[in-house]
Amino acid sequence: MPFYKIAETIADIAFNKNNLCNATFGGKQITLAKKETQLYAFAEKCPHAGSLLSEGHLDAKGCIVCPLHGYRFALQNGRNISGEGYQLKIFPTEKREDGCWYIEI
């Protein structure tokens, strides 16, 4: 799978006040999230009803919370932790030696 450069540093990403933002890489729309110094990437829309996840928020446990119905997804693996059984598509991120962030799609 190809890697796509996100930014030189996490500070260069234009996050909303909720530490979320939409981005397009390789023609694919995704959502980025910042939790402390960690960068996460996942599907743009909730797998339940298609709401834009960038309009949601991160809870205290670091889960993305859908703005429409409040479904919660773990950023590490996409598992729905509120019990509905949906799975959020997660894209691995990594910081490489050159200090750039990349996403695998």
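- Going by what an unreviewed UniProt entry lists, the protein chain is known as (2Fe-2S)-binding protein and is assigned to Arachidicoccus soli.
- The UniProt entry for the protein chain carries the following text under Cofactor (unreviewed entry): "[2Fe-2S] cluster".

Quick notes on the side chain of Thr31
So, step 1. Structurally, Thr31 is set in strand β3 (residues 28–35).
So, step 2. Thr31 sits in the buried class, given a relative accessible area of 0%.
So, step 3. A polar side-chain atom of Thr31 sits 3.3 Å from a polar atom in the side chain of Asn22.
So, step 4. If sequence neighbours within four positions are ignored, Thr31 has contacts with Cys21, Asn22, Tyr40, Ala41, Phe42, Ala43, Glu44, Leu53 and Ser54.

A word on the sheet that holds strand β10 (residues 101–104)
So, step 1. Strand order across the open sheet formed by 3 strands is β1-β10-β9, with antiparallel pairing between neighbours. Of all strands in the sheet, those bounded by a partner on one side alone are β1 (3–7) and β9 (93–95). Here the average twist between neighbouring strands, direction ignored, is 35 degrees.

Looking at the sheet that holds strand β7 (residues 72–74)
Strand-to-strand pairing in sheets goes through backbone hydrogen bonds, with the strands running parallel or antiparallel.
So, step 1. With respect to topology, 3 strands assemble into an open sheet ordered β5-β6-β7, the strand pairing being antiparallel. A strand with exactly one partner marks an edge of an open sheet, and here the two such strands are β5 (57–58) and β7.
So, step 2. Sheet topology note: the β5/strand β6 (residues 63–65) ladder contains 2 bridges and is antiparallel. Within β6, the position partnered with Leu58 by the bridge is Ile64.

Criteria and thresholds
Residues numbered from 1 in each chain as written. Predicted model: local features only at pLDDT ≥ 70, side-chain atom pairs only at ≥ 80, totals over all residues. Heavy atoms only, no water. UniProt positions renumbered as here; feature names shortened; annotations may be inferred. Helix = DSSP H or I, 4+ residues; strand = E, 2+ residues; numbered from the N terminus. Buried < 20%, exposed > 50% of the residue type's maximum accessible area, 1.4 Å probe, protein only. Polar contact = N/O pair within 3.5 Å; in protein donor to acceptor, adjacent residues only side chain to side chain. Contact = heavy atoms within 4.5 Å. Pairing = 2+ DSSP bridges. Axes fitted to C-alpha atoms, helices over the stretch in contact; angles between N-to-C directions.

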